[in-house]
Structures are given as C-alpha cells and as structure tokens.
Amino acid sequence: VELFAELAQVCYETGDYDRSMQALEQALALDNQRYELHLLQAELFAKMNQPDRQLTSLQAALNLQPEHPDVQLNVALLLRQANDLQGALIYAEQSVLYASESSAASPTQADDLIHHARLTAAELAYLLMRTHKAWAWLHDDLAEPKPPCQHFEHACLRAEMALDAGDAARAG
C-alpha cells in the first residue's frame, strides 16, 4: 500500500494524473480505509474535472474521519455546484461546528475556515429562503472581534439580504 500511495503522490506532483490514479486505485484496492488516499483521489478528480467522482471520494474520506471541517466545506461547495442546496447547507453547518471545535489548535487557519463556512452557510440558507437562519450565520460572523469581511461576494450577500428585508441601513 505504501509504495502505491507514494507512487501516486509522486505522479500527482509531477502532473501525471493518469499514472497517479492507477497507483492510487491499486493502493485503495489493498486498503480502502485510508483517509489520505481518498483525499488524494478527490484532488485527482478535481484536476481531471470530474466533480461527481471528486464528491464521492470526499464523502468516502468523511465516512472515515468526519471531523475535518475543510473537507466538509469542500463537499458543501461541490453540492452547491450540483444544485443540492439542502445537502450543501448541512455540510457547511458541519464545517462551522468542526472548525469551531478545532480553532484552539490553529486559530488563524481555523478563523478563515470558520468565516468561509459561515458565509457559505448564510448564502445557502438565503437561497433556501431561510432568511432568519442566513442572518444568524452573518451575525455570528460579524460578531467576531475582527474587522468585517471585505470579500465582494459576501458584501453583496449582506446587501441583497438587507434590501430584500427592507433594511437599507444594514445594506450599507
């Protein structure tokens, strides 16, 4: 398993995705309980522009180790892309939960992940017409003791939600 996994990683790093996938499939045939092998397979499927297979690999990784907020968020983004907004919202919320629990270990990285996951959850809730839930996610993010987010798409979401609610002051 180790040799196939190492070969898959080397081939991936050199851009030989077909050989990497072959080695990875051999490694997974020998041991499909290795979280990192499923993650590498997901990365390969992303490079090969196969989002459905990428999603399957990420979900296999999460079945083995569900507490990884970055993988939860990636699944949420792929489900959103596939127009499964309800499923995407569930994974985005899980991402916030797991990132919050792990924020003590790596605060800066976790803060960025929590921020992205909260705003993704807010956007998904808004698209699902769950405005109160969307505002709650935005409020949680804005209540953090750091400067407000300046990402254009997040500012647009806040403004769009405020204007829909008839609250021009919040749109500002």
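Model, not experiment: these values are computed from the prediction.

Cut-offs and rules
Residues numbered from 1 in each chain as written. Predicted model: local features only at pLDDT ≥ 70, side-chain atom pairs only at ≥ 80, totals over all residues. Heavy atoms only, no water. Helix = DSSP H or I, 4+ residues; strand = E, 2+ residues; numbered from the N terminus. Expected span 1.5 Å × (residues − 1). Buried < 20%, exposed > 50% of the residue type's maximum accessible area, 1.4 Å probe, protein only. Arc of directions from axis to C-beta. Contact = heavy atoms within 4.5 Å. Core = buried A, V, L, I, M, F, W, Y, C linked by side-chain atoms within 4.5 Å. Salt bridge = Lys/Arg side-chain N within 4 Å of Asp/Glu carboxyl O. Axes fitted to C-alpha atoms, helices over the stretch in contact; angles between N-to-C directions. Parallel < 35°, antiparallel > 145°, perpendicular 65-115°, else oblique. Left-handed = near helix turned anticlockwise from the far one by under 90°. Nonpolar A, V, L, I, M, F, W, Y, C, P; charged D, E, K, R; others polar. Polar contact = N/O pair within 3.5 Å; in protein donor to acceptor, adjacent residues only side chain to side chain.

K.L.:
Any chance you could explain helix α1 (residues 2-13) here in plain terms?
P.N.:
The terminal C-alpha atoms of α1 lie 16 Å apart, and with 12 residues this matches the ideal 16 Å at 1.5 Å per residue to within 8%. Residues A5, A8, C11 and Y12 constitute the buried set of α1. Mapping the buried residues of α1 onto a view down its axis gives an arc of 130°, with all of them on the same face. When the buried face of α1 is taken as reference, the exposed residues oriented beyond 90 degrees from it are E2, L3, E6 and E13. Looking at the buried side of α1, the elements it contacts are α2 (17-30) and α3 (35-47). Where α1 ends, the next residue or the one after it, G15, has phi of about 85°, a positive value.

K.L.:
Sorry, what's going on with the environment of F4 here?
P.N.:
Inspection of the secondary structure puts F4 in helix α1. Classification of F4 by relative accessible area gives partly exposed; the value is 29%. Residues F4 and Q26, 22 residues apart in the sequence, show an inter-C-alpha distance of 6.6 Å. Setting aside chain neighbours within four positions, we find F4 in contact with A23, Q26, A27 and L30.

K.L.:
Where do I start with the nonpolar core in this structure?
P.N.:
In globular proteins that are soluble, nonpolar side chains generally tend to be buried together. Counting 34 residues, the largest nonpolar core has L58, V75, L124, L138 and M161 as its most contacted members. Among the elements of the structure, α3, α4 (51-64), α5 (69-81), α6 (85-102), α7 (107-127), α8 (131-142) and α9 (152-164) are those that each provide at least two residues to this core. Looking at this core, the element that brings in the most residues is α7, giving nine residues. Not counting chain neighbours up to four residues away, the residues in contact with V75 comprise L55, L58, Q59, L62 and Y91. Counting 12 residues, the second largest nonpolar core, distinct from the first, contains A5, A8, A23 and A27.

K.L.:
What is the right way to read the pattern of salt bridges from this model?
P.N.:
Between side chains of opposite charge, pairing is possible as soon as their charged atoms come close. Considering all chains together, one arrives at four salt bridges under this definition. In this structure, R34 and E36 form a salt bridge, with 2.5 Å as the shortest nitrogen-oxygen distance. Assessed through its relative accessible area of 39%, E36 is described here as partly exposed. One salt bridge in this structure joins E123 and R80, with 2.7 Å as the shortest N-O distance.

K.L.:
Would you take a moment to explain the packing of α2 against α3 for this structure?
P.N.:
Axis angle and axis distance: for two packed helices, these are the angle between their axes and the distance between the axes, and together they describe the pair. Relative orientation of the contacting elements α2 and α3 amounts to 150°, with a least axis distance of 10 Å. Overall, the two elements α2 and α3 adopt an arrangement that is roughly antiparallel. Of the two possible hands of crossing, α2 and α3 adopt the one that is left-handed. Of the residues in α3, those in contact with Y17, S20, M21, L24, E25, A27 and L28 of α2 are L37, H38, L40, Q41, L44, F45 and K47. Of the residues in the contact of α2 with α3, the class split is nine nonpolar, three polar and two charged.

K.L.:
Any chance you could explain the side chain of E93 here in plain terms?
P.N.:
Within the secondary structure layout, E93 lies in helix α6. Within the local environment of E93, its side chain forms a polar contact with the side chain of K133, the two groups lying 2.9 Å apart. Ignoring sequence-local partners within four residues, the contact set of E93 consists of A121, K133 and W137.

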